[in-house]
Amino acid sequence: QVQVVESGGGAVQAGGSLRLSCVFPARAFISFAMGWFRQRPGKEREFVAGVDFDGKHTAYADSVKGRFTIIRDGARYSLYLQMNSLELDDTATYYCATAYAAVPTPKPDDYHNWGQGTQVTVSS
């Protein structure tokens with residue numbers, strides 16, 4: 001297991017924006033797809049967004065398409081999730097992770113090196 005530093009969560013009103021960040025060790029970043037997941041209380045962890053190993057292809061859950069953007073920065077070994085037009089249903093703990101493969105999938109079991117999680121709370 002590697003140490004992943006996750007940050008950027010907080011409380012925001014509906015319609016607002018937040019940017020989540022994760023910093024990975026180089027060996028856990030290069031050549032692998034990466035993803036963001038979220039988990040609501042009492043619910044299973046669900047896929048939010050993914051990006052392939054070179055940052056050229058992305059995938060999003062239908063619920064966040066057009067509002068969230070996943071960004072991969074190879075120079076900083078960092079992964080970001082820009083979240084705009086936040087809605088009440090976006091309230092959750094958000095996690096970043098690296099995939100075992102070069103392309104992202106929506107299954108949590110296909111990922112490892114999880115961040116510690118950051119809470120996002122959207123209020124009306």
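Rules of the game
- Residues numbered from 1 in each chain as written.
- Predicted model: local features only at pLDDT ≥ 70, side-chain atom pairs only at ≥ 80, totals over all residues.
- Heavy atoms only, no water.
- Helix = DSSP H or I, 4+ residues; strand = E, 2+ residues; numbered from the N terminus.
- Polar contact = N/O pair within 3.5 Å; in protein donor to acceptor, adjacent residues only side chain to side chain.
- Contact = heavy atoms within 4.5 Å.
- Buried < 20%, exposed > 50% of the residue type's maximum accessible area, 1.4 Å probe, protein only.
- Pairing = 2+ DSSP bridges.
- Phe/Tyr/Trp six-rings, centres within 6.5 Å; stacked < 30°, edge-to-face > 60°.
- Lys NZ or Arg CZ within 6 Å of the ring centre and 35° of its normal.
- Salt bridge = Lys/Arg side-chain N within 4 Å of Asp/Glu carboxyl O.
- Axes fitted to C-alpha atoms, helices over the stretch in contact; angles between N-to-C directions.

Draft legend 1. Layout of the side chain of Thr118. Considering the arrangement of structural elements, one finds Thr118 in strand β11 (residues 118-123). A polar contact is formed between the side chain of Thr118 and the backbone nitrogen of Gly9, at a distance of 3.0 Å. Sequence-distant contacts of Thr118, that is, excluding residues within four places in its chain, are made with Glu6, Ser7, Gly8, Gly9, Leu20, Ala92, Thr93 and Tyr94.

Draft legend 2. Seen up close, the pairing of strand β8 (residues 78-83). By the criterion of burial, β8 is predominantly enclosed, with five of the six residues buried. With six bridges joining them, strand β3 (residues 18-23) and β8 adopt antiparallel strand pairing. Paired with Leu18 across the bridge in β8 is Met83. Of the strand pairs in this sheet, strand β7 (residues 68-73) and β8 are connected by six bridges, and their pairing is antiparallel. The residue bridging Ile71 from the neighbouring strand is Tyr80, located in β8. Count of turn residues in the β7/β8 antiparallel hairpin: four residues, of which Tyr77 carries a positive phi of about 50 degrees.

Draft legend 3. A look at the packing of aromatic side chains. If you walk through the whole model with that rule in mind, you get seven aromatic pairs. Aromatic pair Phe37 and Trp114: ring centres 5.2 Å apart, planes at 65 degrees, arrangement edge-to-face. Residue Phe37 is located in strand β4 (residues 34-39), and its partner Trp114 is located in the loop between β10 (111-112) and β11; the two are separated by 77 residues in the primary sequence. Judged by its relative accessible area of 21%, Trp114 is partly exposed. Here the aromatic rings of Tyr95 and Trp114 are separated by 6.4 Å at their centres, their planes lie at 85 degrees, and the arrangement is edge-to-face. Of this pair, Tyr95 sits in strand β9 (residues 92-99) while Trp114 sits in the loop between β10 and β11; the two residues are 19 residues apart in sequence, bridging distant segments of the chain. Under the relative-accessibility criterion, Tyr95 is labelled buried at 15%. Counting every residue linked through ring pairs, the aromatic cluster contains Phe37, Phe47, Tyr95, Tyr111 and Trp114. Note that Arg72 overlies the ring of Phe29, its terminal NZ or CZ placed 4.4 Å from the centroid.

Draft legend 4. Local environment of the pattern of salt bridges. In the structure shown here, the tally under the stated rule is eight salt bridges. Between Arg76 and Asp73 there is a salt bridge, with its nearest N and O atoms 2.9 Å apart. Looking at Arg76, the relative accessible area reads 55%, which means it is exposed. Between Asp110 and Lys107 there is a salt bridge, and its shortest N-O distance comes to 3.9 Å.

Draft legend 5. Spotlight on the sheet that holds β8. Taken in spatial order, the four strands make up an open sheet running β1-β3-β8-β7, and their pairing is antiparallel. Each having just a single partner strand, β1 (5-7) and β7 make up the two edges of the open sheet. On average, adjacent strands in this sheet sit at an angle of 10 degrees to one another, irrespective of strand direction.

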